[in-house]
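Residue-level structure breakdown
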Amino acid sequence: MKCPYCGGLESRVIDSRSLDDGVRRRRSCLACGARFTTYERVQSHNIFVVKKDGRREKFNRDKLSAGIRKACEKRPLPTGTIDKLIDNVEAELHHLGKTEIPSSLIGDLVMQQLEKLDHIAYIRFASVYREFADITSLKQEVDTLVSREAKTSVPASQAPLLPSEELGTLVKSHQRGQK
Ligand SMILES: [Zn+2]
């Protein structure tokens, strides 16, 4: 997105709003710092999400965004990170070039992105999204994540993982949900 003031090509998204036919973004130019607004129209075909029970519904960016934002609530993520994540997922979906996409695939794409970004958000999203049948499978997911994290060096930007604390919270909300 070219800066209208200096022609710079790199900008940071400070705010984005969904419109009926696209997205309105407030941007800040990385070269000169000027702020400008862009309207990006969704020119691609409509995508239908096929749910687990076979129902189809039109892909809704806001709905996806709400789920991701909930998972990222109060996580120390830089401004614009979530929008970028949603952009990435949406771009991948359009890239597939399919009219119908299973909801499980969308969930997997989101989880791939969240895993790189923030482990707590990842676990939260996974617990809602995967609808873990029981707490054991949720615990397994956390354990896998922890052992994977132990093997790879964690970037400094990644907040420390507190699986036991987060797991405790999830267990409580899970049990509430079952009553
Ligand atoms: Zn500029």
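Computed from a prediction, not measured in an experiment: that's the story for all the values here. (Residues numbered from 1 in each chain as written. Predicted model: local features only at pLDDT ≥ 70, side-chain atom pairs only at ≥ 80, totals over all residues. Heavy atoms only, no water.)

Further remarks concern the pattern of salt bridges. Counted under the stated rule, the structure contains eleven salt bridges. One salt bridge connects R75 with D118, and the closest N-O pair in it is separated by 2.9 Å. Here R75 is found in the loop between helix 1 (61-71) and helix 2 (81-96), whereas its partner D118 is found in the loop between helix 3 (103-117) and helix 4 (119-129), with 43 residues between them in sequence. Classification of D118 by relative accessible area gives buried; the value is 2%. Via salt bridges that share partners, R25, R61, D87 and E90 belong to a single interconnected network. (Salt bridge = Lys/Arg side-chain N within 4 Å of Asp/Glu carboxyl O. Helix = DSSP H or I, 4+ residues; strand = E, 2+ residues; numbered from the N terminus. Buried < 20%, exposed > 50% of the residue type's maximum accessible area, 1.4 Å probe, protein only.)

Strand order in the open sheet formed by three strands is 1-2-3, with antiparallel pairing between adjacent strands. The open sheet is flanked by strand 1 (11-19) and strand 3 (35-41), the only strands paired with a single partner. Strand-to-strand twist across the sheet, computed as the mean angle between neighbouring axes with direction ignored, equals 25 degrees. Pairing geometry for strand 1 and strand 2 (residues 22-29), over eight bridges, is antiparallel. Considered in strand 2, the bridge of S16 is made with R25. (Pairing = 2+ DSSP bridges. Axes fitted to C-alpha atoms, helices over the stretch in contact; angles between N-to-C directions.)

Protein coordination of the zinc ion is provided by C3 (SG), C6 (SG), C29 (SG) and C32 (SG), with donor distances spanning 2.3 to 2.4 Å. Seen from the zinc ion, its four donor atoms lie at angles of 104 to 115 degrees, and the figure they make is tetrahedral. In primary sequence terms, the donor set of the zinc ion follows C-x2-C-x22-C-x2-C. With a gap of 26 residues between them, C6 in the segment before strand 1 and C32 in the loop between strand 2 and strand 3 connect regions that are remote in the sequence. On the basis of relative accessible area, C6 is assigned to the partly exposed category, the value being 42%. (Donors = N, O, S within 2.8 Å, 3.2 Å for Na, K, Ca; no water. Tetrahedral: all angles 85-135°; square planar, octahedral: opposite > 155°, others 65-115°.)

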